[in-house]
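Chain by chain, the residues run as shown.
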Amino acid sequence: MSRALYPGSFDPLHNGHLDIIRRGSLLFERLTVAVLDNPLKNAKLLDTAERVALLQEATAGLENVLVDTFSGLLVTYAERAGANVILKSLRNATDFEYETQMAHLNRGLYPDAETLFLLAAPEWSFVSSTRVRELASLGADVSGLVPPATLRMLTKKSG
Ligand code: PNS
């Protein structure tokens, strides 16, 4: 049985993340979206509970998708969760450099899990949480970049 983890900060969840979750849910029997809950990597906008709530609402229709949190090493969590796949997304060459380094390190630490990459869909290849946060904080309309739950949260935060 293939159990995959899709880890990230999701601060906040955007349409590129959701596209990977939907596509991943078709590839694996179970996909756990693992939200980093790490005091050393402070959330820039949303706390852990808010990030989890957005993911839960946006993935409610996907029966084999679970949302969970983790802290510490990803591979420790993967081992505990019995996951044999770490799912990541690649938007561009910058992601490739960063993600290959992490994949090699994670493989060295926990060889039982393979990191698999999905190419971001072209329409989301320029979307990042950093840009969504910046645009929203400056009053730009980000409704085309994020799911409704995130849009509501951004509106609430700016209000
Ligand atoms: O959405 P992000 O911020 O790009 O996600 C990064 C994340 C959470 C996947 C990465 O920071 C991570 O795995 N952190 C857990 C700590 C860890 O295992 N570090 C060693 C990686 S080689």
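Residues numbered from 1 in each chain as written. Predicted model: local features only at pLDDT ≥ 70, side-chain atom pairs only at ≥ 80, totals over all residues. Heavy atoms only, no water.

Caption draft 1: Representation of the overall build of the protein. Within the protein, the regular secondary structure consists of six helices and five strands. For the protein, the α and β elements follow one another from N to C terminus as β-α-β-α-β-α-β-α-β-α-α. Against the globule reference of 15 Å for 159 residues, the protein gives a C-alpha radius of gyration of 15 Å, in line with a compact fold. With the C-alpha coordinates aligned to their principal axes, the bounding extent of the protein is approximately 45 × 30 × 30 Å. Considering only residue pairs separated by 6 or more positions, the protein has 77% of its internal contacts joining residues 24 or more positions apart. Total accessible area on the protein stands at roughly 8600 Å², and carbon and sulfur atoms take up 55% of it. (Helix = DSSP H or I, 4+ residues; strand = E, 2+ residues; numbered from the N terminus. Rg over C-alpha atoms; globule rule 2.2 N^0.38 Å. Contact = heavy atoms within 4.5 Å. Areas by Shrake-Rupley, 256 points an atom, 1.4 Å probe, with all protein chains shown as cover.)

Caption draft 2: The arrangement of the packing of aromatic side chains in detail. Inspection of the entire model under this criterion finds two aromatic pairs. Ring plane angle 75° and centroid distance 5.4 Å describe the contact between Tyr 6 and Phe 10, whose orientation is recorded as edge-to-face. For the pair Tyr 6 and Phe 10, one class covers both residues: buried. (Phe/Tyr/Trp six-rings, centres within 6.5 Å; stacked < 30°, edge-to-face > 60°. Buried < 20%, exposed > 50% of the residue type's maximum accessible area, 1.4 Å probe, protein only.)

Caption draft 3: Main features of the nonpolar core. Within the largest apolar cluster, 23 residues are counted, with the highest numbers of intra-cluster contacts made by Tyr 6, Phe 10, Ile 21, Leu 31, Val 33, Leu 55 and Leu 87. Contributions of two or more residues to this core are made by β1 (3–8), α1 (15–27), β2 (30–36), α2 (48–58), β3 (65–70), β4 (85–90) and α6 (148–158). Looking at this core element by element, the count peaks at four residues for α2. Aside from chain neighbours lying at most four places away, what touches Leu 87 is Leu 5, Tyr 6, Pro 7, Ile 20, Gly 24, Phe 28, Leu 31, Leu 116 and Leu 118. Leu 74, Ala 78, Ala 83 and Ala 113 belong to the second largest nonpolar core, which has 12 residues in total. (Core = buried A, V, L, I, M, F, W, Y, C linked by side-chain atoms within 4.5 Å.)

Caption draft 4: Region of interest: α1. In this model, α1 (13 residues) spans 19 Å end to end at C-alpha, consistent with the 18 Å of a helix rising 1.5 Å per residue. Buried within α1 we find Asn 15, Gly 16, His 17, Leu 18, Asp 19, Ile 20, Ile 21, Gly 24 and Ser 25. (Expected span 1.5 Å × (residues − 1).)

Caption draft 5: Region of the structure containing the pairing of β2. Where burial is concerned, most of β2 is hidden: six out of the seven residues are buried. Bridge analysis of β1 against β2 gives six bridges, and the strand direction is parallel. Counterpart to Leu 5 in the pairing with β2 is Thr 32. Read from β1 through α1 to β2, the crossover connection turns out right-handed. (Pairing = 2+ DSSP bridges. Right-handed = clockwise from strand over helix to strand, strands pointing away.)

Caption draft 6: Quick look at the packing of α2 against α6. Viewed as axis vectors pointing N to C, α2 and α6 meet at an angle of 145°, and their least axial separation amounts to 9 Å. Packed against α2, whose contacting residues are Glu 50, Leu 54 and Glu 57, the element α6 presents Ala 149, Thr 150, Arg 152, Met 153 and Lys 157 at the interface. Residue composition of the contact of α2 with α6, by class: three nonpolar, one polar and four charged. (Axes fitted to C-alpha atoms, helices over the stretch in contact; angles between N-to-C directions. Nonpolar A, V, L, I, M, F, W, Y, C, P; charged D, E, K, R; others polar.)

Caption draft 7: Molecular detail of the pattern of salt bridges. This model, assessed by the stated rule, comprises seven salt bridges. Of the charged contacts, one joins Glu 99 and Lys 88 as a salt bridge, the two residues approaching to 2.8 Å between their closest N and O atoms. A residue pair is termed long-range when its members are at least 10 positions apart, and Glu 99 in helix α4 (residues 93–109) and Lys 88 in strand β4 qualify at 11 residues. Exposure class is identical for Glu 99 and Lys 88. Each is buried. Where Glu 114 meets Arg 107, a salt bridge forms, and the shortest distance between an N and an O atom there is 3.1 Å. Look at Glu 114 and you get partly exposed, because its relative accessible area is 37%. Given the relative accessible area of 44%, Arg 107 is considered partly exposed. (Salt bridge = Lys/Arg side-chain N within 4 Å of Asp/Glu carboxyl O.)

Caption draft 8: Expanded view of unusual backbone geometry. A cis amide bond links Asp 11 with the next residue in sequence, Pro 12, at an omega value of 5°. Considering the arrangement of structural elements, one finds Pro 12 in the loop between β1 and α1.

Honestly, that's just the spatial picture; any functional story needs more than this.
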